[in-house]
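These are the residues of each chain, in order.
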Amino acid sequence: MTLDLGEQVDRYCERLGPEFWAEPLNAVTNAAFLIAAIAAFLMWRKKTPDDRVALALIGVVFLTGIGSFLFHTFATRWAGMADVIPIVVFIHFYLLIALKRFLGLSWVLAGALVIGFFVMSPGLGEVWAPIVGSSAFYLPALLAIFAVGIAFWRIDNRLGRDLLLTGVLFAVSVTFRALDMPLCADVTAGTHFLWHIFNSLVLFSLLRVLILHRSG
């Protein structure tokens, strides 16, 4: 069976038809990711212009905004891939760098943990999928932020605290994503656009911790 990458996908409350602008709020709020990437870039250029790893992650955040915009306008399977791939890259790449830089693990151990995280994440998502739907995909990342944040707090109280607060913000963000369809009958625009706004703050906060840790 051949996968039709051009097949239309309807997953969000706001979308009522196949038109390009059928999800105006979901589409426009992707600008928040671009703003987050630009703000992080300006901070990076001022504090750690030699950190190419952080620059690469900033680029991934920018691509996240582009990919998500494509998905909420074209709403096809290929656009869905453009949406998901940058997110997956950011989650695993950031976790690898956080384990290495924040916790001081070796590349081998950090890499092994990221591989384990990648392998086990789908199983955890399946457990929670009946409750939070497709938002279960993000729960392993949420747990990872709290786990690294707790361990990092013992090393650096200030940035560790910031990482934990980012985890709280991410929990709020995932909640808005999960409530999009359940609240659709009462909130006609849905709540997915709030996921974009709050998640852009999460990504900026994660980049900020990375930059400040390197510059300190």
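The notes below deal with the structure included here. This one's a predicted model, so the numbers in the text were calculated from it and none came from an experiment.

## Observations concerning the pattern of salt bridges
Counted under the stated rule, the structure contains 6 salt bridges. Two residues, Asp51 and Arg101, come together in a salt bridge whose shortest N-O distance is 2.7 Å. Remark: Arg101 occurs in helix α4 (residues 77-101) and Asp51 occurs in the loop between α2 (31-47) and α3 (52-74); sequence separation between them is 50 residues. We classify Asp51 as buried; its relative accessible area is 1%. Within the structure, one salt-bridge network assembled from shared partners comprises Asp51, Arg101 and Arg214.

## A word on the state of the cysteines
Here a disulfide denotes one covalent bond, and it connects the sulfur atoms of two cysteines. Under the defined criterion, the tally for this structure stands at 1 disulfide. In this model, Cys13 is linked to Cys184 through a disulfide, with the two sulfur atoms separated by 2.1 Å. Since a negative S-S torsion denotes a left-handed disulfide, the Cys13-Cys184 link at about 85 degrees is right-handed. Here the residue Cys13 occupies a position in the segment before α1 (24-28), and Cys184 occupies one in the loop between α7 (157-178) and α8 (192-215), the gap between them amounting to 171 residues. According to the relative accessible area criterion, Cys13 is buried, its value standing at 3%. A relative accessible area of 21% places Cys184 in the partly exposed class.

## Brief notes about the environment of Trp107
Locating Trp107 in the fold gives a position in helix α5 (residues 107-132). C-alpha of Trp107 to C-alpha of Leu164: the two residues are 57 residues apart in sequence and 23 Å apart in space. Among all residues touching Trp107, those that are not within four sequence positions of it are Leu96, Ile97 and Lys100.

## Things to note about the packing of aromatic side chains
Taken as a whole, this structure holds 14 aromatic pairs when the rule is applied. Centroid distance Phe20 to Phe74: 5.2 Å. Interplanar angle 90 degrees. Geometry classified as edge-to-face. With Phe20 in the segment before α1 and Phe74 in helix α3, the pair connects residues that are 54 residues apart, well separated along the chain. Pairing Phe102 with Phe152 gives two aromatic rings, centres 4.5 Å apart and planes at 10 degrees, and the pair type is stacked. Within this pair, whereas Phe102 is found in the loop between α4 and α5, its partner Phe152 is found in helix α6 (residues 139-153), the two being separated by 50 residues in sequence. Clustering of aromatic rings is evident, with ring pairs tying together Phe20, Trp21, Phe69, Phe74 and Trp78. The ring of Trp195 carries Arg177 above its face, with NZ or CZ at 5.6 Å from the centroid.

Rules behind the numbers
Residues numbered from 1 in each chain as written. Predicted model: local features only at pLDDT ≥ 70, side-chain atom pairs only at ≥ 80, totals over all residues. Heavy atoms only, no water. Salt bridge = Lys/Arg side-chain N within 4 Å of Asp/Glu carboxyl O. Helix = DSSP H or I, 4+ residues; strand = E, 2+ residues; numbered from the N terminus. Buried < 20%, exposed > 50% of the residue type's maximum accessible area, 1.4 Å probe, protein only. Disulfide = S-S within 2.5 Å. Contact = heavy atoms within 4.5 Å. Phe/Tyr/Trp six-rings, centres within 6.5 Å; stacked < 30°, edge-to-face > 60°. Lys NZ or Arg CZ within 6 Å of the ring centre and 35° of its normal.

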